[in-house]
Amino acid sequence: MIRLLIVEDELAIAELEKDYLEMNNYQVDVALNGKDGLKMAVEGEYDLVILDLMLPEVDGQTVCREIRKVKDIPIIVVSARKEDWDKVQMLGIGADDYMTKPFSPSELVARVKAHLSRYNRLVGNFKTENEIVEIRGLKIDKVARRVFLDSVEKTFTSKEYELLLFLAENPNRVFGKEELFKEIWKAEPAGTDIATVTVHIKKIREKVEKDSSHPLYIETIWGVGYRFKM
Ligand code: CA
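What comes next concerns the included structure. Computed from a predicted structure; not experimentally measured. (Residues numbered from 1 in each chain as written. Predicted model: local features only at pLDDT ≥ 70, side-chain atom pairs only at ≥ 80, totals over all residues. Heavy atoms only, no water.)

Examining the overall build of the protein
When helices and strands are tallied, the protein shows 8 helices and 12 strands. Against the compact-globule benchmark of 17 Å for 230 residues, the protein has a radius of gyration of 22 Å, which places it well outside the compact range. With the C-alpha coordinates of the protein rotated into their principal frame, the extents come out at 75 × 30 × 30 Å. Split into buried and exposed, the 230 residues of the protein put 43% on the buried side. The long-range share in the protein, meaning contacts at least 24 apart out of those at least 6 apart in sequence, stands at 56%. When the accessible surface of the protein is summed, it comes to about 12200 Å², and 52% of that surface belongs to carbon and sulfur atoms. (Helix = DSSP H or I, 4+ residues; strand = E, 2+ residues; numbered from the N terminus. Rg over C-alpha atoms; globule rule 2.2 N^0.38 Å. Buried < 20%, exposed > 50% of the residue type's maximum accessible area, 1.4 Å probe, protein only. Contact = heavy atoms within 4.5 Å. Areas by Shrake-Rupley, 256 points an atom, 1.4 Å probe, with all protein chains shown as cover.)

Some remarks on the coordination of the calcium ion
Looking at the calcium ion, the protein donor atoms are Asp9 (OD), Asp52 (OD) and Met54 (O), and they sit 2.1 to 2.4 Å from it. For the calcium ion, the single-chain donor residues occur in sequence as D-x42-D-x1-M. With aspartate 9 in the loop between strand E1 (3-7) and helix H1 (11-23) and methionine 54 in the loop between strand E3 (48-51) and helix H3 (60-70), the pair connects residues that are 45 residues apart, well separated along the chain. (Donors = N, O, S within 2.8 Å, 3.2 Å for Na, K, Ca; no water.)

Some points on the side chain of lysine 101
With respect to the element layout, lysine 101 can be found in the loop between strand E5 (97-100) and helix H5 (105-123). Only 3.0 Å separates the side chain of lysine 101 from the side chain of glutamate 8, close enough to count as a polar contact. Not counting the four nearest positions on each side in its chain, lysine 101 is found in contact with Glu8, Glu10, Ile13, Asp52, Val78, Ser79, Ala80 and Lys82. (Polar contact = N/O pair within 3.5 Å; in protein donor to acceptor, adjacent residues only side chain to side chain.)

Brief notes about helix H6 (residues 158-169)
Relative to the 16 Å expected for 12 residues at 1.5 Å per residue, H6 spans 16 Å between its end C-alpha atoms, a close match to the ideal helical length. Listed in full, the buried residues belonging to H6 are Glu160, Tyr161, Leu163, Leu164, Leu165, Phe166, Leu167 and Ala168. (Expected span 1.5 Å × (residues − 1).)

Some remarks on the packing of aromatic side chains
Per the counting criterion, the structure on display carries 3 aromatic pairs. Arranged with centres 5.0 Å apart and planes meeting at 5°, the rings of phenylalanine 181 and tryptophan 185 form a pair that is stacked. Residue phenylalanine 181 and its partner tryptophan 185 are located together in helix H7 (residues 177-185), separated by 4 residues, close to a single helical turn. The class for phenylalanine 181 is buried, based on a relative accessible area of 5%. Here the aromatic rings of tyrosine 217 and phenylalanine 228 are separated by 5.9 Å at their centres, their planes lie at 35°, and the arrangement is tilted. On the criterion of sequence distance, the pair formed by tyrosine 217 in the loop between helix H8 (193-208) and strand E11 (218-221) and phenylalanine 228 in strand E12 (residues 225-228) is long-range, its members being 11 residues apart. Accessibility classification places tyrosine 217 together with phenylalanine 228 in one group, the buried group. (Phe/Tyr/Trp six-rings, centres within 6.5 Å; stacked < 30°, edge-to-face > 60°.)

All we've got here are geometric facts, nothing functional implied.
The following block contains the structure:
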């Protein structure tokens, strides 16, 4: 999931931007003042920042300059100030783009996409929405085949990983054990094969569930199979 940060003190504008970006499958957080925005941008794992200039606590120029000291992520300034001098100044202190309010939300989305893809080309980071599966603190990195729970890495065997990923990518659907065996082991189940699925689910739960008797992720649907809760 690509994460974006909006730093904007006008709630209506922040919500409009957030709605449009979420419709385009970005995960969006909002900071309503410059101080929170700067802290979130520096400490968080954001892929791009949308920044207003006239902000309470810490102004947009300072936020931009401070982010730039520690991060290379694209910064798009969205401001009511129309003077060329403001644009030139912001681009000079590290902003990647400057949009003037009022703006069209679809243009904002288009520019966000363009900056993200340009940035990914430059840094050789090919992370896309589909390469990370993230659900309530559980993060599956499909490229590295690594799993994190609340940022702590968990080690999985190859089949455990494939089973977890398959369920997580098909959430809210119930799968029978036979079906899961065929999907993951690529064979018709025979003998004790079905029990293998049960054992693997148990092992996955021991790693990802805080309380195996009240699973947050993989639910048992009695007599039917398992379902990954979204
Ligand atoms: Ca403002």
